[in-house]
Amino acid sequence: MPQDEFIQKSYHTNNPIFLSLYVYNVGFQTCDPNHTWGPGIRNHYLIHYIHTGKGYYKTGEQTFLLTKGDAFLIYPETEVSYYADEKDPWEYYWVGFHGTDAAALIHATDFSKENPVFYNCTSREQIRNCFLEIYQSRGNTLADNTKMTGSLYHALSLFIQDSTTKQSSLSPPSYIELALSFIASQYTYSITIEDIAAYLGISRSHLFREFKEHLNQSPKDFLTSYRIREACRLLTSTSLSIQSIANSVGYENGMYFSRIFHQKTGLSPSQFRIKNPIKPTKENTAALNQ
C-alpha cells in the first residue's frame, strides 16, 4: 500500500448480523506526533496493534509504553487514554468487537484488566494481516459479516496461541463479564433483568449482588444507563426519529423511552438533539472510529 495513502482508514459496522462475536469497527492509522484519544470510554472491546513507532496507553493509574509488535486492549466501560510518541509516533491497526463470546475469548489470552497489554507478539505479521483482512472484507451483507467475523476469530486465536500464562489453567469468564457482554449484544432488544440472569444460569438476586460488588449499581440501572448512552449517541450522530431510536435501544414504547431519557439526562430526546446538533465532520468521524 503506498505510504501517501496510509494516513487513516476506518470502517464502522451498522447492523451486526452475528451475536456471538461481531466486528464493531476496524481501521489503521499513521499518527501525528502526540496524537491523542481520551480520556474516554468505549462500549466494546478494542485492540490496537502497533506496527511501527511507539506511544503510550493509560488506564487507571498505570501508563504503558508500547512499541513495534506490541498490542493493547481497551475493555468496555473502562476509562482510558492513549497518545503517540512525540519523536517516533506510532502507526497502528485496530479492531473493535463485541458479542456473547468476546469475554471468554479475551479471558483466554494474556490480556487482563490489571495488565491490558501484550508485548512483542510472536504472530505479529499474522495479526496485522488479520486486521487488514477484516478491513478489506468490510460491508453489511451476510458474506461480508461472515468474512469479517472469521478473520476476527483468527486474530483472537493468534493472541490465545501466543499467550503464556493462561493456557494451562484456563478458567471461565466471570458472571459480570458475561453479563456485560450479553447486555452489549442484546440491549437493542427488550431484554429484562430476568433474561440476563437466565442467560447466566443464576438467580436475579445473585445477579444483583454481582453488579453491586463489581460496578456499585444494580443491573437494572446499568442496563438503563447503557441504553440511554446509546440513545444519546444515535441522537447526535443520526437523523433517526425519536421512535426509531427508542426501538433501536430496546424500548418499544416511545413515551416510556422519553420519560426514562428525561429522568437520566434532565432533557427530553428532542431537547437533547437540539442542544447537541449533528456535526458530520471528518474529525468527528475519525474520533468515533479509532
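Above: the structure in question.
Report follows, based on the coordinates. (Residues numbered from 1 in each chain as written. Predicted model: local features only at pLDDT ≥ 70, side-chain atom pairs only at ≥ 80, totals over all residues. Heavy atoms only, no water.)

### A short note on the pattern of salt bridges
Inference 1: The tally for this structure, following the rule as stated, stands at four salt bridges.
Inference 2: Between R204 and E194 there is a salt bridge, with its nearest N and O atoms 2.2 Å apart. With R204 in helix α6 (residues 204–215) and E194 in helix α5 (residues 193–200), this residue pair connects regions lying ten residues apart in the sequence.
Inference 3: Across the pair R233 and E230 runs a salt bridge, and its minimum N-O distance is 2.9 Å. (Salt bridge = Lys/Arg side-chain N within 4 Å of Asp/Glu carboxyl O. Helix = DSSP H or I, 4+ residues; strand = E, 2+ residues; numbered from the N terminus.)

### A few points about the packing of helix α4 (residues 175–186) against α5
Packed helices, taken two at a time, are described by the angle between their axes plus the distance between the axes.
Inference 1: One can describe the packing of α4 onto α5 by two numbers: an axis separation of 10 Å at closest approach and a directional angle of 130 degrees. On the basis of their axis angle, the class for α4 and α5 is oblique. Of the two elements, α4 crosses α5, and the hand of that crossing is right-handed. Contact with α4, carried on its side by Y175, L178, A179, F182 and I183, involves D195, I196, Y199 and L200 of α5 and no other residues of that element.
Inference 2: When its residues are assigned to classes, the contact of α4 with α5 shows eight nonpolar, no polar and one charged. (Axes fitted to C-alpha atoms, helices over the stretch in contact; angles between N-to-C directions. Parallel < 35°, antiparallel > 145°, perpendicular 65-115°, else oblique. Left-handed = near helix turned anticlockwise from the far one by under 90°. Contact = heavy atoms within 4.5 Å. Nonpolar A, V, L, I, M, F, W, Y, C, P; charged D, E, K, R; others polar.)

### What to know about the packing of α4 against α6
Inference 1: Orientation of α4 relative to α6, taken along the N-to-C sense of each, is 95 degrees, at an axis distance of 10 Å. The pairing of α4 with α6 is recorded here as roughly perpendicular in orientation. Along its contact with α4, which presents Y175, I176, A179, L180 and I183, the element α6 presents H206, L207, E210, F211, H214 and L215.
Inference 2: When the residues that make up the contact of α4 with α6 are grouped by side-chain class, the tally is eight nonpolar, two polar and one charged.

### Some details on the pairing of strand β8 (residues 80–84)
Inference 1: Judged by how many residues are buried, β8 sits mostly within the fold: four of five residues are covered.
Inference 2: Both strand β3 (residues 36–40) and β8 contribute to a ladder of three bridges, which runs antiparallel. Across the sheet, the residue bridging to W37 is Y82, located in β8.
Inference 3: Strand direction decides the pairing type here: strand β5 (residues 54–59) and β8, joined by five bridges, are antiparallel. By the bridge assignment, T59 is partnered in β8 with V80. (Buried < 20%, exposed > 50% of the residue type's maximum accessible area, 1.4 Å probe, protein only. Pairing = 2+ DSSP bridges.)

### Points about α4
Inference 1: Given a rise of 1.5 Å per residue, twelve residues ought to cover 16 Å, and the 16 Å separating the end C-alpha atoms of α4 matches this to within 8%.
Inference 2: For α4, a buried count of ten out of twelve residues is recorded, marking the element as mostly surrounded by other parts of the structure.
Inference 3: Listed in full, the buried residues belonging to α4 are I176, E177, A179, L180, S181, F182, I183, A184, S185 and Q186.
Inference 4: Residues of α4 that are buried sit in contact with β2 (22–30), β9 (91–98), α1 (102–107), α5, α6 and α7 (219–237). (Expected span 1.5 Å × (residues − 1).)

### Concerning the pairing of β5
Looking along a regular strand, one sees side chains alternate from face to face of the sheet.
Inference 1: Burial along β5 is one-sided: the face carrying G55, Y57 and T59 is buried and the face carrying K54, Y56 and K58 is not.
Inference 2: When β5 meets strand β6 (residues 62–67), the two strands line up antiparallel, connected through six bridges. Its bridge partner lying in β6, K58 is registered against T63.
Inference 3: Hairpin connection, β5 to β6: the antiparallel pair is bridged by two residues, and G60 has positive phi, about 60 degrees.

### Concerning the nonpolar core
Inference 1: Within the largest apolar cluster, 34 residues are counted, with the highest numbers of intra-cluster contacts made by I47, V95, F97, I106, F111 and F131.
Inference 2: At the level of secondary structure, the elements contributing two or more residues to this core comprise β2, β4 (45–52), β7 (71–74), β9, α1, α2 (124–136) and α3 (142–161).
Inference 3: For this core, the leading source of residues is α3, giving seven residues.
Inference 4: Apart from the residues within four sequence positions on either side, F131 is in contact with V26, I47, Y49, Y93, W94, V95 and A155.
Inference 5: One finds Y226, A231, C232 and I260 within the second-largest nonpolar core, a separate group that totals 31 residues. (Core = buried A, V, L, I, M, F, W, Y, C linked by side-chain atoms within 4.5 Å.)

### Some remarks on the sheet that holds β8
Inference 1: With antiparallel pairing, the four strands of this open sheet are ordered in space as β3-β8-β5-β6. The strands lining the two open edges of the sheet, one partner per strand, are β3 and β6. Taking the axes of each pair of neighbouring strands and ignoring which way they run, one obtains an average angle of 15 degrees across the sheet.

### A short note on the packing of aromatic side chains
Inference 1: Overall, the coordinates contain 24 aromatic pairs when judged by the stated rule.
Inference 2: Ring centres of F28 and Y93 lie 5.5 Å apart, and the angle between their planes is 40 degrees; on these two criteria the pair is classed as tilted. One end of the pair, F28, is in strand β2; the other, Y93, is in strand β9, and 65 residues separate them in sequence.
Inference 3: Residue F28 is classed as buried on the basis of its relative accessible area, which comes to 2%.
Inference 4: The exposure class of Y93 is buried, given its relative accessible area of 1%.
Inference 5: Judged by centre distance (5.3 Å) and plane angle (55 degrees), the ring pair of F72 and Y82 falls under tilted. (Phe/Tyr/Trp six-rings, centres within 6.5 Å; stacked < 30°, edge-to-face > 60°.)

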